[in-house]
Amino acid sequence: MSVLTENKLSPQEEISILKNTKNAVILAHYYQEPEIQEIADFVGDSLELAKKAATTNADIIVFAGVHFMAETAKILNPSKKVLLPDLNAGCSLAESCPPEAFQQLKDKYPDHVVVTYINCSAEIKAMSDVVCTSSNAERVINSIPLDKPIIFAPDKNLGRYLIEKTGRKMLLWDGACIVHEAFSIDKLLELYAKYPSAKIIAHPESEEHILKIANYIGSTSGMLNFVKSSDQDTFIVATEAGILHQMQMDVPDKLYNCLKDESPEIVLAESLMKAAHRPIKRMMEL
C-alpha cells in the first residue's frame, strides 16, 4: 500500500510568503550564515544596510545582524516596525563603550567634535556629532575643519588607522572588537609561508601589526570588491569567518518565527531616536 505524503513548504518558502503578506523586507549583513544571505532581500555591509534601511518602502524590517544595526534601522525608520530575530545578538565593540563613561569623556573635552563608528549603541550615537562606517570614515574625518579637535569612538584600531591615513590628531576611546583583536601575527605569517603568492586583506578594525603587512585594507564591501577585481586566486582574509553573532543552523526557522510573531521588536524612545538621527543624517549627506 502506498502512502501519500503532504508536500511541505521549506522554511525559506514560508518566509517568502510571510514577507509578501506583511510587506516585510529582510536585511542581512555579509557575515551572516549562507542560509540567511540566500533568503535576504538585500545583503551588504553597515553603510549599505543603513542606506537600504533609509529608503525601504516596507512596513516591517527584519534585520539579520546585531543589535546596533537594528537600532540604526529603527532610528532611520521611527514609524516602521523593526525586528531582530535574536535580541542577544550583541557586538563586543559596541559594548566596550558604555554611555555613562563616554559622557564623562565628552564633558572633559567639550570643544571636541565627536565622531563615532556606526558599531555603537543608539545612546552613543545620540552623543555624537557625526557617525561613520569603515567605508566612509576617512571622508568623514576629512570633512571636519582642521582647527577642530576630534574624539573618535569606540574603535581604537580604526581610529589609529584613520590618524595614519588623514594625518589628524584624535583622542581615541579605548574600545575594540574582541575577534579582530584575536588575530595572531604568527598564525598569519604561518599561512603566508604556506601560501606565499596570497594577498593579505584586512578590515581596518584589525590591530596595527595586521594592517602593516596587509596588501589591502578596507570595509567588508571593499574586501569583497578587491577579491572580485583581483587577478589573484588566493587570499588570506583577516576578518571574522562568522562575524558578529553567528546564528545557529536552524536560523531560517528563527527568522520565520520572528516575522510570523513580529517579535522581538526594537523599541527606542522618540527623543533618543531624534538625537541619534542627526549624526547619522550627517553621515548620509557626506
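Structure shown above.
Residues numbered from 1 in each chain as written. Predicted model: local features only at pLDDT ≥ 70, side-chain atom pairs only at ≥ 80, totals over all residues. Heavy atoms only, no water.

### Structural notes on the overall build of the protein chain
Here comes step 1: Tallying secondary structure elements over the protein chain gives 15 helices and 11 strands in all.
Here comes step 2: Computed over the C-alpha atoms, the radius of gyration of the protein chain is 20 Å, within 12% of the 19 Å expected from 2.2 N^0.38 for a compact globule of 286 residues.
Here comes step 3: Each of the three principal axes of the protein chain carries a C-alpha extent, and together these read 80 × 55 × 30 Å.
Here comes step 4: For the protein chain, buried positions account for 49% of its 286 residues.
Here comes step 5: Here the protein chain has roughly 14200 Å² of accessible surface; of this, 49% comes from carbon and sulfur atoms.
Here comes step 6: Considering the protein chain, the positive charge centre built from 29 side chains and the negative charge centre built from 39 side chains are found 6 Å apart. (Helix = DSSP H or I, 4+ residues; strand = E, 2+ residues; numbered from the N terminus. Rg over C-alpha atoms; globule rule 2.2 N^0.38 Å. Buried < 20%, exposed > 50% of the residue type's maximum accessible area, 1.4 Å probe, protein only. Areas by Shrake-Rupley, 256 points an atom, 1.4 Å probe, with all protein chains shown as cover. Lys, Arg positive; Asp, Glu negative; His and termini not counted. Charge placed at Lys NZ, Arg CZ, Asp CG, Glu CD.)

### Here's the deal with the pairing of strand β1 (residues 24-29)
Look at any regular strand and the pattern is simple: side chains alternate between the two faces of the sheet.
Here comes step 1: Most of β1 is tucked away: 6 of the 6 residues are buried.
Here comes step 2: Of the two faces of β1, both are covered, the one formed by Ala24, Ile26 and Ala28 as well as the one formed by Val25, Leu27 and His29.
Here comes step 3: Summarising the sheet, β1 and strand β3 (residues 60-64) pair through 5 bridges and their orientation is parallel. Across the sheet, residue Val25 finds its bridge partner in β3, namely Ile61.
Here comes step 4: After leaving β1, the chain enters helix α2 (residues 34-39) and then returns to the sheet as strand β2 (residues 42-44), a path that is right-handed. (Pairing = 2+ DSSP bridges. Right-handed = clockwise from strand over helix to strand, strands pointing away.)

### Overview of the sheet that holds β1
Here comes step 1: Taking strand neighbours across the sheet as the criterion, the 4 strands line up as β2-β1-β3-β4 in an open arrangement whose pairing is parallel. With partners counted over all chains shown, the strands left at the sheet margins are β2 and β4 (81-83), one partner each. Across the sheet, the mean angle separating the axes of adjacent strands is 20 degrees when strand polarity is ignored. (Axes fitted to C-alpha atoms, helices over the stretch in contact; angles between N-to-C directions.)

### A few points about unusual backbone geometry
Here comes step 1: Note that the residue after Ala153, namely Pro154, is joined by a cis bond; omega there is -5 degrees.
Here comes step 2: As for its placement among the helices and strands, Pro154 is situated in the loop between β7 (150-153) and α9 (156-166).
Here comes step 3: Notably, Asn23 is not glycine yet its phi reads approximately 50 degrees, a positive angle.
Here comes step 4: The phi angle at Glu262 is positive, at roughly 50 degrees, despite the residue not being glycine.
Here comes step 5: A residue is classified by how much of its surface remains accessible, and Glu262, at 22% relative accessible area, is partly exposed.

### A look at the pattern of salt bridges
Here comes step 1: As enumerated under the stated definition, the model contains 7 salt bridges in all.
Here comes step 2: Here Lys22 and Glu262 are joined by a salt bridge, their closest N and O atoms 2.8 Å apart. Of the two residues, Lys22 is situated in helix α1 (residues 11-22) and Glu262 in the loop between α14 (251-261) and α15 (270-285); the sequence distance between them amounts to 240 residues.
Here comes step 3: Close ionic contact of Lys274 with Glu270 constitutes a salt bridge, the shortest N to O distance being 3.6 Å. You can see Lys274 and its partner Glu270 sitting in helix α15, 4 residues apart, about one turn around the helix.
Here comes step 4: On the basis of relative accessible area, Lys274 is assigned to the exposed category, the value being 53%.
Here comes step 5: The structure contains a network of salt bridges with shared partners spanning Lys22, Lys81 and Glu262. (Salt bridge = Lys/Arg side-chain N within 4 Å of Asp/Glu carboxyl O.)

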